[in-house]
Amino acid sequence: MNETVSPRAPAHVLIVGGGGTGGALAHDLLLRGVRVTLVEKGEVTSGTTGRHHGLLHSGARYAVKDKESAVECIEENMILRRICPGSFELNDGLFVAVTDADVAYEPGFVEACLESGIPARRVSRAEALRLEPHLNPETKLAVQIPDGTMDAMRMPLRFFASAKHNGAVIRPWTAVEEILVANRTVTGVRVRDLTSGAEEVIGADLVVNATGPWAEIVARMAGCDVPVQPSPGVLLAVRGRWCNMVLNRLHPSGDGDIIVPQRGLSVIGTSSWVVTDPDDLGVPEDHVERMYAEGAMLVPAVRTAERRQAWSAARPLIGERGASTGRELSRTFKCFDHAETDGVEGFVTISGGKGTTLRAMAEKTADVVCAKLGVDAPCRTRDTVLLPHTAYYLN
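Residues numbered from 1 in each chain as written. Predicted model: local features only at pLDDT ≥ 70, side-chain atom pairs only at ≥ 80, totals over all residues. Heavy atoms only, no water.

K.L.:
I keep staring at helix H3 (residues 100-115) and nothing clicks. Help me out?
P.N.:
Residues three or four positions apart in an α-helix share a direction because the helix packs 3.6 residues into each turn. Counted at 1.5 Å a residue, the expected span for H3 with its 16 residues is 22 Å, and the 24 Å between its end C-alpha atoms agrees. Its axis deflected by about 35° at Glu106, H3 carries its strongest bend there, up to four residues before the proline Pro107. Taken residue by residue, H3 has Asp102, Tyr105, Glu106, Phe109, Val110, Ala112 and Cys113 as its buried positions. Of the residues trailing H3, Gly117 is marked for its positive phi of about 85°. (Helix = DSSP H or I, 4+ residues; strand = E, 2+ residues; numbered from the N terminus. Expected span 1.5 Å × (residues − 1). Bend = angle between axes of the 7 residues up to and from the residue. Buried < 20%, exposed > 50% of the residue type's maximum accessible area, 1.4 Å probe, protein only.)

Rendered as structure tokens:
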């Protein structure tokens, strides 16, 4: 008699964290045939993901000092343009020299960009002022690179929409109260519905910690360690679209050295400091004043522009603790398999990176997860066009 063999049920992965990386990971895993539940203590994209300035990074800012991050950014910049058509304003960017020191920085900057695969074109003072009439009249030269802008929430929502369409269970307003560990193996989580107060246990074959600057806090629930340094920065939005391209100061990374046009606003960023609690950031008024002062070095008109809003967001930087400002830490990302780092099975953390590299972060994490679960399926997110962000709300 022939025995009937029941098909094996798909592996179930629970993702903790509803930022862009969590949404991209859910999308990736579902395309590989993995069942996914995602929980987020707030609304999706309500943490760091939805609070950055909306820059589609060319990677040029990191080309001189952090080549790994620069290469990641330019590669993902081009992929996102392909899979998220209509989500970006492909307005390019200018790195602008306004002092002699900025001019001296230009040759090494251009060389580093080209070495990282980032197109970079030297622009004369006259052409820079023609392209951007509100630029500081003291501008000496500029370098054009392929930056762009996006809505910080809508672009990531395309990953959530696609994941939801393919069967992901996405549960916002659901806080993880406990990570369940038995015999040094994570078996699931105990969660609390923040709208009803009800608690329940969600079992999983593997749990992924994709909580960004909260990654260290969540990892501790499983007795694990993640070297994440939350590094907040203040951003300032002023009324008026004072530039059409993304403007950067042509010098090493510093406070207030970028202006990102967003619809009828201009967003100036950012400062940098470090904290231990990513829920306790604040918006120091002296940092806001610094955004005005430094932004005016690029576009003098922003000095007196009406303030629309100022806010802060915490970067989840990977590196040894003890950084003084966060600028000394790389913007690359890292995936931690806690079976290897802490002797705890069934638990993986992804952190670091940028909004521009969320898809690459998800691919790397999905590779680790699928290898652990015995799922033999390639990544398909490099060429799969995402649903529009509005589709997230349709079902």
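K.L.:
Mind showing me how you'd approach the packing of helix H1 (residues 20-31) against helix H5 (residues 154-165) here?
P.N.:
Two measures define how a pair of helices packs: the angle their axes make with one another and the distance between the axes. In the contact formed by H1 and H5, the axes pass within 8 Å of each other and the chain directions differ by 35°. Along this stretch, H1 crosses H5, giving a crossing that reads as left-handed. Where H1 abuts H5, its residues Gly20, Gly23, Ala24, Ala26, His27 and Leu30 lie against Pro156, Phe159, Phe160, Ser162 and Ala163. Across the contact of H1 with H5, the residue classes break down as 7 nonpolar, 4 polar and no charged. (Axes fitted to C-alpha atoms, helices over the stretch in contact; angles between N-to-C directions. Left-handed = near helix turned anticlockwise from the far one by under 90°. Contact = heavy atoms within 4.5 Å. Nonpolar A, V, L, I, M, F, W, Y, C, P; charged D, E, K, R; others polar.)

K.L.:
Help me understand H1 in this model?
P.N.:
A rise of 1.5 Å per residue sets the reference length of H1, with its 12 residues, at 16 Å; its end C-alpha atoms lie 17 Å apart and thus fit the reference within 8%. By the criterion of burial, H1 is predominantly enclosed, with 12 of the 12 residues buried. The elements touched by buried residues of H1 are strand S1 (12-16), strand S2 (35-39), H5, strand S13 (206-209), strand S20 (347-352) and helix H9 (358-373).

K.L.:
Would you mind showing me how to read the packing of helix H2 (residues 67-83) against H9 here?
P.N.:
Between H2 and H9, whose axes approach to 9 Å, the crossing angle comes to 100°. The angle between the axes of H2 and H9 places the two elements in the roughly perpendicular class. Here Glu76, Ile79, Leu80 and Ile83 of H2 come into contact with H9, specifically with Leu358, Arg359 and Ala360. Grouping the amino acids of the contact of H2 with H9 by side-chain chemistry returns 5 nonpolar, no polar and 2 charged. (Parallel < 35°, antiparallel > 145°, perpendicular 65-115°, else oblique.)

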